[in-house]
Amino acid sequence: MVERLLLSSTPSTLNLPALDVAHTPSLLEVQSDSTVVSESTISTESTLGVADETGATSDRTSDTRCITEEQPGCPPWRVVTSTFITIFLAEIGDKTQVSTLLMSAEFHKPWTVFLGAGAALVATTLLGVWLGQWLSTRLSPRTLDVAAGILLALISASLIWDVLQM
Amino acid sequence: MDWQLLGLAFVTVFVSELGDKSQLAAIAISGGSKSPRAVFLGASAALLLASFLGVIVGEGTAHFLPAKAVKIMAAVGFMIISIRLLLPKSDDDSEEATP
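One numbering rule holds for all chains: residues counted from 1, following each sequence as written. Here the convention is simple: chains get letters from A, ligands get numbers from 1, in the order in which they are written. In view of the model being predicted, local features appear only for residues whose pLDDT reaches at least 70, and side-chain atom pairs are presented and counted only at 80 or more, with totals across whole chains, interfaces and linings using the full set of residues.

Novice: Looking at this structure, I do not really get the packing of helix 9 (residues 141-165) of chain A against helix 2 (residues 21-31) of chain B. What am I missing?
Specialist: The packing of two helices is summarised by the inter-axis angle and the distance between the axes. Running from N to C, helix 9 of chain A and helix 2 of chain B point in directions that differ by 155°, and their axes come no closer than 9 Å. Taken as axis vectors, helix 9 of chain A and helix 2 of chain B run roughly antiparallel relative to one another. The two elements helix 9 of chain A and helix 2 of chain B meet at a crossing, and its hand is left-handed. Where helix 9 of chain A abuts helix 2 of chain B, its residues Leu144(A), Ala148(A), Leu151(A), Leu152(A), Ile155(A) and Ser158(A) lie against Lys21(B), Leu24(B), Ala25(B), Ala28(B) and Gly31(B). Counted by class, the contact of helix 9 of chain A with helix 2 of chain B contains eight nonpolar, two polar and one charged residues. As a rule, the C-alpha atoms of each element are fitted with a line to give its axis, helices using only the stretch in contact, and angles between N-to-C directions run from 0 to 180 degrees. Here a helix means four or more residues in a row that DSSP labels H or I, a strand means two or more in a row labelled E, and each is numbered from the N terminus. The labels follow the angle: roughly parallel below 35 degrees, roughly antiparallel above 145, roughly perpendicular from 65 to 115, and oblique for the rest. In this scheme, a crossing is called left-handed if the near helix is turned counterclockwise away from the far one by less than a right angle; it is called right-handed if the turn is clockwise. For every residue pair, C-beta atoms are placed from the backbone, and the pair is scored as a contact if these atoms sit within 7 Å. Under the scheme applied, nonpolar residues are Ala, Val, Leu, Ile, Met, Phe, Trp, Tyr, Cys and Pro; charged residues are Asp, Glu, Lys and Arg; polar residues are all the others, including Gly.

Novice: Would you mind going over the packing of helix 8 (residues 110-138) of chain A against helix 2 of chain B with me for this structure?
Specialist: Two numbers describe how helix 8 of chain A lies on helix 2 of chain B: the axes approach to 7 Å, and their chain directions differ by 35°. Note on packing geometry: the crossing formed by helix 8 of chain A with helix 2 of chain B is right-handed. Here Thr124(A), Thr125(A), Gly128(A), Val129(A), Leu131(A), Gly132(A), Gln133(A), Leu135(A) and Ser136(A) of helix 8 of chain A lie close against helix 2 of chain B, whose contacting residues are Gln23(B), Ala26(B), Ile27(B), Ala28(B), Ser30(B) and Gly31(B). Partitioned by chemical class, the residues of the contact of helix 8 of chain A with helix 2 of chain B number six nonpolar, nine polar and no charged.

Geometric descriptors of this kind do not, in isolation, establish any biological role.
The following block contains the structure:
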């Protein structure tokens, strides 16, 4: 499952030659399935290096951020690692971790607790990512960036608030 | 397999995690990103590791991580992503230009 997910996210990130992409239509199909149609078209074309001079490239395409964006030249693990690090740090000492800790201490069946908690966390993450992608098909990229930026700033502020309350 | 405990763990964590900050962060990051699978992989791995550590700590074989310092680092990380999302895109970030 993990390998499949990684595989299906590669065509748009690695600068694959046009031949490789042409031989993997199903992967491209999967990718464009979950992104805004116009955006995925632009990013796919610019990955292949054909759309850069058409004038159809938006400021989003010429943008070179790698932390939250997948761009040509931005390897996919940049997104994985930055997401991993921030969410892992935010989750340490959070109530979910404390509740798994307490359940595991009380019932002495750590693997059962881990399995249940892990499945729940993967499910909520899947819901979150799916909701984010759905929103990205409804809102303009700029609106979405501003909303996401404000949301993350609020999360950051709530983390600082947690620290001050400790 | 203790199905009752499995269900308890699942329901407890699922309910407490809905709308919690890590899910909101997943929504925000994936909404601003074109690679939902990468966001899903990173977030899932982080949450699994965090809950694994919780389980290990509950069994008494590990000690607490310095929660304060870790939370501050997380706050800084989210703030950096937030600022990058909020800033206009054309004028900054040129130091990472690798088109």
